[in-house]
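Spelled out, the chains give:
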Amino acid sequence: MTSLSEAAISVLATNDATRKCQLTRALAEDWRQGRITAIGDCPPPARPARPARPELLPPREMPKRAYGGDKGRIGLLHALAHIELNAIDLAWDIVARFPQDAMPKAFYDDWVQVALDEAVHFEMLADLLAQLGAAYGDLPAHDGLWQAAEKTADDLAARLVVVPMTLEARGLDTTPSTMVKLAANGDTLTPPALRVIYEDEITHVAAGVRWFTHLAEARGQDSKALYQSLLTARFPGGLKSPFNHDARAQAGFARDWYEPMATR
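Here the residue numbers are simple positions, counted from 1 along each chain's written sequence. Residue-level local features of this predicted model are given only where pLDDT is at least 70; pairs of side-chain atoms are given and counted only at 80 or more, and the full residue set underlies all totals for whole chains, interfaces and linings. The side-chain values count all of the structure's non-hydrogen atoms but skip hydrogen atoms and water molecules.

1. Some details on the environment of E118
Counting from the N terminus, the helices are the DSSP runs of H or I reaching at least four residues and the strands are the DSSP runs of E reaching at least two. Structurally, the position occupied by E118 is in helix 4 (residues 105-131). Contacts are assigned to residue pairs with any non-hydrogen atoms lying within 4.5 Å of each other. Setting aside its immediate chain neighbours within four residues, E118 contacts E84, A87, I88, E168 and H204. As used in this structure description, the phrase polar contact means that two N or O atoms lie within 3.5 Å; if the pair is within protein, one of them must be able to donate a hydrogen and the other to accept it, and residues adjacent in sequence are counted only when both atoms belong to side chains. Polar contacts involving the side chain of E118 include one to the side chain of H204, which spans 3.3 Å.

2. Considering helix 5 (residues 144-151)
When a residue's accessible area, from a 1.4 Å probe over protein chains only, is under 20% of the maximum for its type it is buried; when over 50% it is exposed; and in between it is partly exposed. Listed in full, the buried residues belonging to helix 5 are G144, L145, W146, A148 and A149. Buried residues along helix 5 sit against helix 3 (69-97), strand 2 (141-142) and helix 6 (156-184).

3. A few points about unusual backbone geometry
Where the residue is not glycine, phi is negative for most of them; where a peptide bond is considered, it is trans in most cases. Cis geometry marks the peptide bond from R53 to P54; its omega dihedral reads 15 degrees. Despite not being glycine, A102 has its phi angle at roughly 50 degrees, a positive value. Relative to the helices and strands, A102 resides in the loop between helix 3 and helix 4.

4. Regarding the packing of helix 6 against helix 8 (residues 223-234)
To obtain each axis, a line is fitted to C-alpha atoms, and for helices this fit is confined to the stretch in contact; angles are then taken between N-to-C directions over 0 to 180 degrees. It is the contact of helix 6 with helix 8, at a shortest axis distance of 9 Å, that shows an interaxial angle of 80 degrees. The angle between helix 6 and helix 8 places the two elements in the roughly perpendicular class. Together, A157, A158, V161, V162, M165 and T166 of helix 6 and Y227, L230, L231 and R234 of helix 8 make up the contact between the two elements. Any residue outside Ala, Val, Leu, Ile, Met, Phe, Trp, Tyr, Cys, Pro, Asp, Glu, Lys and Arg is labelled polar, Gly included; the first ten of those are nonpolar and the last four are charged. When the residues that make up the contact of helix 6 with helix 8 are grouped by side-chain class, the tally is eight nonpolar, one polar and one charged. These descriptions rest on fixed angle ranges, namely under 35 degrees for roughly parallel, over 145 for roughly antiparallel, 65 to 115 for roughly perpendicular, and the rest for oblique.

5. Side note on the side chain of T166
Counting through the fold element by element, T166 comes out in helix 6. For T166, a relative accessible area of 5% translates into the label buried.

6. Observations concerning the environment of A157
Relative to the assigned elements, A157 resides in helix 6. The spacing of A157 and M179 is 22 residues in sequence and 32 Å in space, taken between C-alpha atoms.

7. Section: the packing of helix 3 against helix 5
One can describe the packing of helix 3 onto helix 5 by two numbers: an axis separation of 9 Å at closest approach and a directional angle of 20 degrees. Looking at the two axes, helix 3 sits roughly parallel to helix 5. Every pair of crossing elements has a handedness; the one defined by helix 3 and helix 5 is right-handed. Residues I83, N86, D89, L90 and D93 of helix 3 pack against L145, W146 and A149 of helix 5. Residue composition of the contact of helix 3 with helix 5, by class: five nonpolar, one polar and two charged. For any pair of crossing helices, the crossing counts as left-handed if the nearer helix is rotated counterclockwise from the farther one by less than a right angle, and right-handed if it is rotated clockwise.

8. Some thoughts on helix 4
Side chains that are three or four residues apart share a direction in an α-helix, a result of its 3.6 residues per turn. Expected span, for any helix, means 1.5 Å times one less than how many residues it has. For helix 4, with 27 residues, the first-to-last C-alpha span of 40 Å sits near the 39 Å given by 1.5 Å per residue. Residue G133 follows helix 4 closely and has a positive phi angle near 75 degrees.

9. Considering the pattern of salt bridges
Think of a salt bridge as a Lys or Arg side-chain nitrogen and an Asp or Glu carboxyl oxygen that are within 4 Å of each other. On inspection of all chains with the given rule, the structure shows 20 salt bridges. R32 serves as the salt-bridge partner of E29, at 3.0 Å between the closest nitrogen and oxygen. Of this pair, E29 and R32 both sit in helix 2 (residues 17-32), three residues apart, roughly one helical turn. With its nearest N and O atoms 2.8 Å apart, the salt bridge here joins R248 to D173. Residue R248 is located in helix 9 (residues 245-250), and its partner D173 is located in helix 6; the two are separated by 75 residues in the primary sequence. Each member of the pair, R248 as well as D173, is classed as buried.

Printed below as a string of C-alpha cells:
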C-alpha cells in the first residue's frame, strides 16, 4: 500500500470477516512501523463490502432476541460481533472519508488503533460463538450502524458526534450491567471479553471527544454548542439515560455536554 487511505479502502472492500480482521492487523502494523507514511486521498466506497451472511434487516424488523441459556448467549454474542465488524469499517472509513479536514498524524494514529481494537474484539466474540457451536452470520443483524455512517458522510464533526461520542458512549452506559447479569447467570467466559471491549471503548470515546474538540477549535466554534447542535440535527432521538458518568469522565466527556441532551 502506498497510502493510508488506500489501505483503508482495501479493508472496506474486503467482504470476508476473518480476512478483514487479518488485513486490519497487517495494515495497522505497517502504519506503526512506518512502512506506510502517506495519508493519501482515495475516496472510500459508499458502503463497505459485506459477507453474504448475516441477512441485514431494518432495526424495527429484527426478531426479538432470546434471553437465558446458550440460545440467549449466542444471540448477544452475535449482535456484539456484528457491532464490532461494523466498527472496523467505521474506523477505516473515518481514516479515508474526510481528507479536506487535513487532520494531524495523531488523528490517524488513533483511528488505526481503533480499527485494530475492533478487529481484536470481533475475533474474541467469534471465538466465543464457536465455543457454543455457532458462527457470525447464523442470525440476522440490523444495518443501523452503517446507516449512521451514511448520514454523517458529509461532515467529520458530525461523524465524531454520532459514532464515538454517541453510539460507542452508549456502550459505556450499558456494558457494566450486562456483565453483572451474565455473571449472575453463571457465564464465566463472556464478561471478561466484555471487560476488554468496555475498557477499549473508553479510549475510543476519548479519541472522539479529543478530535471533535480539535476540529471545533479549528473551525472557530464553541465545542459544547457545536456538539449539542450536531447531536440535535443528526441524532434526533436524543440520548437515553442513565449515563455511566465515571466512564465518560475517564474519556474526557464533560457531563454538561451530554446530560442536557437526555430524553429521559
